[in-house]
Amino acid sequence: MTATEVVTRLAKLEGWRLDGDGTAVVIQKTFRFVDFARTMVFVNAVAWLAQARNHHPELRVQFSSCTVRYNTHDVAGLSQADFDAAAAVDALPGATRPVPV
């Protein structure tokens, strides 16, 4: 994926941002919740989506937040699958506004 393609696709996703560079580049977004139980409901929903799509993110789980990070290892960078999966995560019930950076 070219840099222009990445920027174009990223602009369509609210709150997602780039992190890293080269083969370690990811798109990521942090979701906040009122308590640990709701965070875990979200994490389990993301896990279900990942299994259904066979495209698995890195998840960083804390008490009241979860950071979701996508990268496609097979292409050593970003692919359309990352952006499609990010949009699916955004559509989950309970997905909230991102934490300000």
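Throughout what follows, the structure given in this document is the object of discussion. For clarity, every value in this text was computed on a predicted model and none was experimentally measured.

The rules we used
Within each chain, residue numbers correspond to sequence positions counted from 1 in written order. Under the rules for a predicted model, residues below a pLDDT of 70 receive no local features and side-chain atom pairs below 80 are neither given nor counted, while totals for whole chains, interfaces and linings still include all residues. Note that the side-chain values use all heavy atoms of the structure and ignore hydrogens as well as water. Side-chain rings of Phe, Tyr and Trp, where Trp is taken by its six-membered ring, are said to pair if the distance between their centres is within 6.5 Å; with planes under 30 degrees apart they count as stacked, over 60 as edge-to-face, and otherwise as tilted. Secondary structure is summarised from DSSP: a helix means a run of H or I of at least four residues, a strand means a run of E of at least two, and numbering begins at the N terminus for each. Burial here depends on accessible area, computed with a 1.4 Å probe over protein chains only, as a share of the maximum for the residue type. Under 20% is buried, over 50% is exposed, and the range in between is partly exposed. In plain words, nonpolar cores are sets of buried Ala, Val, Leu, Ile, Met, Phe, Trp, Tyr and Cys residues tied together by side-chain atoms within 4.5 Å. Any two residues whose heavy atoms approach within 4.5 Å at even a single point are treated as in contact. Pairing between strands requires that DSSP locate at least two bridges from one strand to the other. The angle between two axes is taken between their N-to-C directions and runs from 0 to 180 degrees, where each axis is a line fitted to C-alpha atoms and a helix contributes only its stretch in contact.

This brings us to the packing of aromatic side chains. Two aromatic rings are characterised by how far apart their centres lie and by the angle between their planes. Evaluated as defined, the whole model comprises five aromatic pairs. Ring geometry for W16 and F31: centres 6.2 Å apart, planes at 70°, overall edge-to-face. In this pair, W16 sits in the loop between helix 1 (3-11) and strand 1 (17-19) while F31 sits in strand 2 (residues 26-32), placing the two residues 15 residues apart along the sequence. With a relative accessible area of 5%, W16 lands in the buried category. A relative accessible area of 0% places F31 in the buried class.

Our next topic: the nonpolar core. Core analysis: the biggest nonpolar cluster contains 22 residues, and W16, I27, F42, Y70 and V89 have the highest contact counts within it. Among the secondary structure elements, those contributing two or more residues to this core are helix 1, strand 2, helix 2 (36-53), strand 4 (65-70) and helix 3 (80-90). For W16, the residues in contact, after removing those within four places along its chain, are L10, I27, Q28, K29, F31, V68, Y70, A86, V89 and D90.

Pairing in this open sheet of four strands is antiparallel, and the strands run 1-2-4-3 from one edge to the other. The open sheet has two edge strands with one neighbour each: strand 1 and strand 3 (58-62). Mean inter-strand twist for the sheet, computed between neighbouring axes without regard to direction, equals 30°. Direction of pairing for strand 1 relative to strand 2: antiparallel, over a ladder of three bridges. Each bridged residue has a counterpart across the sheet, and for R17 the counterpart in strand 2 is Q28. Set on the sheet, helix 2 makes contact with strand 2, strand 3 and strand 4; between it and strand 3 the angle comes to about 170°. On top of the sheet, helix 3 reaches strand 2 and strand 4; it is set at about 10° to strand 2, its chief contact.

Function-wise, these values are silent; they only describe arrangement.
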